[in-house]
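Fold and geometry: a report
These are the residues of each chain, in order.
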Amino acid sequence: MLKDAFRWLGQKRVKTQILIGLAGLVLAGGIFTFRVFASLPKTEEIGELRVPESTKIYDRTDETLLYEVYGEAKRTVIPPDEIPDRLRQATIAIEDNSFYSHPAFDWRGIVRAVGVNLLRGEFAQGGSTITQQLARSAFLTSEKTITRKIKELVLANRLENEYSKDEILDLYLNQVSYGPNIYGVETASQAYFNKGAKDLSLNEVVTLVALPRSPSYYSPWGNHLKELEDRKNFIARRMRELGYIDEAELASINTVLPEIAERPREGIRAPHFSLYIQDYLQEKYGEEALQREGFRVTTSLSWELQEIAEEAVKNGVERNDRLYGGSNGALVAMDPQTGQILALVGSKDYFGDSKPDGCEEGRTCTFEGNFNVAMQGLRQPGSALKPFAYLTAFSKGLTPETIVWDAPTEFNTSCSTSFTPGVRTPGCYHPSNFDGLFRGPVMFKEGLAQSINVPSVKVLYLAGLYDTIDTLSRFGITTLTDPNRYGLSLVLGGGEIKLIELVGAYSTLAADGVYHEPVTILKIENNKGEVLEEYKEEGNKGENVVDPQLARQINDILSDVSLRAPLFHASLSQTQVPGFQVALKTGTTDDYKDAWAFGYAPNLVVGVWAGNNNRISLQSQGSSILAAIPMWHDFMSKALPKFPAVGFNHPAPTQTSNPILRGELVDDGFHSILYYLNRVGDSQYSHWETGIRNWLATHSVDLSRFNVVDAGEGFGPGEAGGEGEINLRIDEPENGDFIDSGIAISFRADSERPISKIEVYFNDRLIATEYGDLGKKPKYETVINPKNIELQNSLVIRVVDEEGLREERELILYRR
């Protein structure tokens, strides 16, 4: 009996604990509910709207306000009879098509949103009705929490009890945001279409209704017009599906955007840059946070330099328009040691009307003000990519003094070597130089500094197309993804790039091979002073993407005024800033469609583009020297003196016993560089040799420009070149072999100095390598399995000794 008593007491204790727990839960729930309801505004306070705290974007000094997003909210409330039914119907069609049939909230939408949030692992989707959106917009914050969602549901229910559906819809249309500082349909109609809401066309209605989803992203004054066009067309189709319009009305809606009024000029500085920052904030933090949370954003932009940049572009384009028919220009200035954007001009005038009148934006306009050429434009760079081909060639043992022949050359080995220079032949490729002249033997550094085309195409071939594109990729270029389309024309502008990315690539040169991601934001704080993001130099040292020696070799060439003098002639002074060492490279595309100038010091890099948005050619041979250099010099001559005078680091001297790589001509009847690199089996060999013979038939070599050595001091096919050279003997495969998968390679090297590196290339791709002290007589054996075997293939074996002396052999192999 005593045991039964204890059992009864135990059960009673458990029941008591359960009751206490339940009471605690009820009490906690009651407290939570009280707090939720106590913090809610009264429904009749709908007229006392929350004042959103705007986002402010500043320059790098944190003193100059560039743009205040949602700074001075404008709202004009209109009565129901001035709101067109089509506007109500379009809003319901896209925002809440069950608006008139559900209560304050839609359970199906909430369940769907919960499912999406669970899958994403975050509170991303809300399933809000129009009533909920009104409640949130008028009274609540943008935080994405369960508490706010409950408040939203409660307040939405109050609104439904207090107002009719028609009243709620009209309150929503007078309250919701349609863009920065633009609240309500009447203000939006006046801002975008210069008319009242009651006078909107159906095309204008669906365009307006497309905006509340994300007013900054879909802004008619922004950079996502195609997305806005797609969304407004979707709304029109949705209205047809719901029976709000018939087929005739749907057909009457133009698929393109209606005419948009010009954006007011007041209240925004550096508009292309500021709106890029706004887009970033909107994408990362959301539209509501951008409207309400009072972000304070300190950017990388220097307003002092930005003013100089805008003036330089404005003056330069006015000059180009008068002389060459060039209607637009863009400029980017960057700190190469940090990647910070110091100035950015996306067009000559963000607010300017598109030209000519009546043109179709994105197709026929020579000028479009709000299109950001600096960050969005894909344009061919002309010769501006040449430095990166030369750098890649230097990485393979070639030198700035290496001699290459500037002679008429057919690079398509399927075409005849007999052609007329300057006359294009379909399917063939024999480029000319900008001045129509051919100079005979020139050094690499002359070919680069003077932007001579034929030597530069040969350098690209020697460097390897894929390896050069890999170099550009490591330097931050993301748009060159189709090598087969460019081929050897890459160094003459065969691909498309973005100005901001190529400025970043030249910044990497200026920083001795250290790449920095472009930086636009230094700090973001919320209205409580909490730091959300901050740039810290100690965590942004950049990535060393290339040997500093290689970058210094390029900088040394491009900063040598005497080397570039033959190219610029009377414009040479425009390439210099007194008291400063400046490197410079230009680029002009075929038919003068794009003109570029990239000039830099170790602490400032500036890139300029000049041309027409619709790619109409500049007139009167408006090359980079005429159209881009003056704009670049106008900025650089005023901006660079604000920085300390810093010189480039000098490259280490190159050492080689190969006379051609030392810049010496070999007195053996003259041959192409392929001959002296032991590549007589190269598919290009006979074409390059023929080009030289043809040139020598009508020209003589100016031997005073070179040190001439006897043939015995040079390299001939299969010969060693004297003391310290490397003898390379390939046992297998043999030249001309037929191959399939699994290619066995065996070779021996004999050197007076220890070998430090062995590399194997297949069709210009590095597929095997070995580093370290490999001894003076290494034997190397391996089996390679290349992915793509062509009908004809190139196998290159390269051996480098501890002092950088290199020997390589090429074999031509055929697919079995």
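Preceding block: the structure.
So, a few notes on the structure that sits alongside this text. (Residues numbered from 1 in each chain as written. Predicted model: local features only at pLDDT ≥ 70, side-chain atom pairs only at ≥ 80, totals over all residues. Heavy atoms only, no water.)

Concerning the environment of E293
Condition: Helix and strand definitions here come from DSSP, where helices need a minimum of 4 consecutive H or I residues and strands a minimum of 2 consecutive E residues; each element is numbered from the N-terminal end. Under the scheme applied here, a residue whose accessible area is under 20% of the maximum for its type counts as buried, over 50% as exposed, and between as partly exposed, the area being computed with a 1.4 Å probe on protein chains only.
Within the fold, E293 resides in the loop between α12 (287–292) and β6 (296–299). Given a relative accessible area of 22%, E293 falls into the partly exposed group. A sequence separation of 232 residues divides E293 from E525, and the C-alpha atoms of the two residues are 9.7 Å apart.

Focus on the packing of aromatic side chains
As a reminder, the rule being used: Classification of ring pairs rests on two measures: the distance between centres of Phe, Tyr or Trp rings, Trp counted by its six-membered ring, which must be within 6.5 Å, and the angle between planes, read as stacked under 30 degrees, edge-to-face over 60 and tilted in between. In this analysis the charged atom, NZ for Lys or CZ for Arg, is taken to sit over a ring once it is within 6 Å of the ring centre and within 35 degrees of the ring normal.
Scanning all chains against the criterion turns up 20 aromatic pairs. When the centroid spacing of 5.8 Å and the interplanar angle of 75° are considered together, the rings of W405 and W695 count as edge-to-face. With W405 in strand β9 (residues 403–406) and W695 in helix α26 (residues 685–696), the pair connects residues that are 290 residues apart, well separated along the chain. Following the ring pairs from residue to residue traces out a cluster consisting of F388, F475, Y506, W596, F598, Y600 and F648. The ring of Y58 has R296 lying over it, and the distance from NZ or CZ to the ring centre is 4.0 Å.

Focus on the sheet that holds β6
Here is the rule: Pairing between two strands is assigned when DSSP locates at least 2 bridges connecting them. To obtain an axis, a line is fitted to C-alpha atoms, over the contacting stretch when the element is a helix, and the angle between two such axes runs from 0 to 180 degrees between their N-to-C directions. In what follows, residue pairs with any heavy atoms lying within 4.5 Å of each other are defined as contacts.
The sheet built from 5 strands is open, its strands ordered β2-β1-β6-β12-β13 with mixed pairing. The open sheet has two edge strands, β2 (65–69) and β13 (531–534), and neither has a second partner. Each adjacent strand pair in this sheet contributes to an overall mean axis angle of 10°, direction not counted. Where helix α11 (residues 271–285) meets the sheet, it contacts β1 (55–58), β2, β6, β12 (521–525) and β13, and its direction lies at approximately 40° from that of β2.

Re empty space enclosed by the protein
The line we're drawing: The way it works is a 1 Å grid over only the protein atoms, where trapped points that fit a 1.4 Å probe form a cavity and open points with protein on both sides within 12 Å along at least five of seven lines form a pocket, and then any residue with an atom within 4 Å of a point lines it. Grid points are joined across faces, edges and corners, and a volume is the space filled by probe spheres set on the points. For this scheme, ten residues count as nonpolar: Ala, Val, Leu, Ile, Met, Phe, Trp, Tyr, Cys and Pro. Four count as charged, namely Asp, Glu, Lys and Arg, and the remainder, Gly too, count as polar.
Counted by the stated rule, this structure contains 3 cavities of 30 Å³ or more. Taken as a whole, the largest cavity holds about 110 Å³ of empty space. Looking at the lining of the largest cavity, the elements that each hand over two or more residues are β26 (792–801) and β27 (806–815). For the lining of the largest cavity, the residue count by class is 5 nonpolar, no polar and 6 charged. One number sums up the size of the second largest cavity: a volume of about 60 Å³. In terms of lining, the second largest cavity is formed by P180, S216, S219, W221, G222, N223, R263, L275, Q278 and D279. Across the lining of the second largest cavity, the residue classes break down as 3 nonpolar, 5 polar and 2 charged.

Overview of the packing of helix α2 (residues 85–95) against helix α8 (residues 202–209)
For the record, the criterion: Note on terminology: angles under 35 degrees are roughly parallel, angles over 145 are roughly antiparallel, angles of 65 to 115 are roughly perpendicular, and the others are oblique. Here a crossing is taken to be left-handed if its near helix is turned anticlockwise relative to the far helix by less than a right angle, and right-handed if that turn runs clockwise.
With their axes 9 Å apart at the nearest point, α2 and α8 run at an angle of 40° to one another. Between α2 and α8, the angle falls in the class oblique. The element α2 and its partner α8 pack so that their crossing is right-handed. Listed contacts from α8 to R86, L87, A90, T91 and I94 of α2 are L202, V205, L208 and V209. Of the residues in the contact of α2 with α8, the class split is 7 nonpolar, 1 polar and 1 charged.

With respect to unusual backbone geometry
That bond from K355 to P356 is cis: its omega, -10°, falls within 30 degrees of zero. Mapped onto the secondary structure, P356 falls in the loop between β8 (341–345) and α14 (373–376). Here the residue pair E732 and P733 is connected by a cis peptide bond, since its omega of -5° sits within 30 degrees of zero. Among the structural elements, P733 can be located in the loop between β20 (726–732) and β21 (738–739). With phi around 50°, H569 is a residue other than glycine that occupies positive phi space. With respect to the helices and strands, the residue H569 is situated in the loop between α22 (561–568) and β15 (583–588). By relative accessible area, H569 is classed as exposed at 60%. Despite not being glycine, Y592 shows a phi value in the positive range, around 60°. Mapped onto the elements of the fold, Y592 is located in the loop between β15 and β16 (594–601).

Overview of the sheet that holds β8
Strand order in the open sheet formed by 5 strands is β8-β7-β17-β16-β15, with antiparallel pairing between adjacent strands. The outermost strands of the open sheet, each flanked by one partner alone, are β8 and β15. In this sheet, adjacent strand axes meet at a mean angle of 10° when their direction is disregarded. Looking at chain direction, strand β7 (residues 328–334) and strand β17 (residues 604–611) are connected through 7 bridges and run antiparallel. Along β17, the bridge assignment pairs V332 with G607. Packing of helix α24 (residues 629–639) onto the sheet brings it into contact with β7, β15, β16 and β17, and relative to β17 it is tilted by some 150°.

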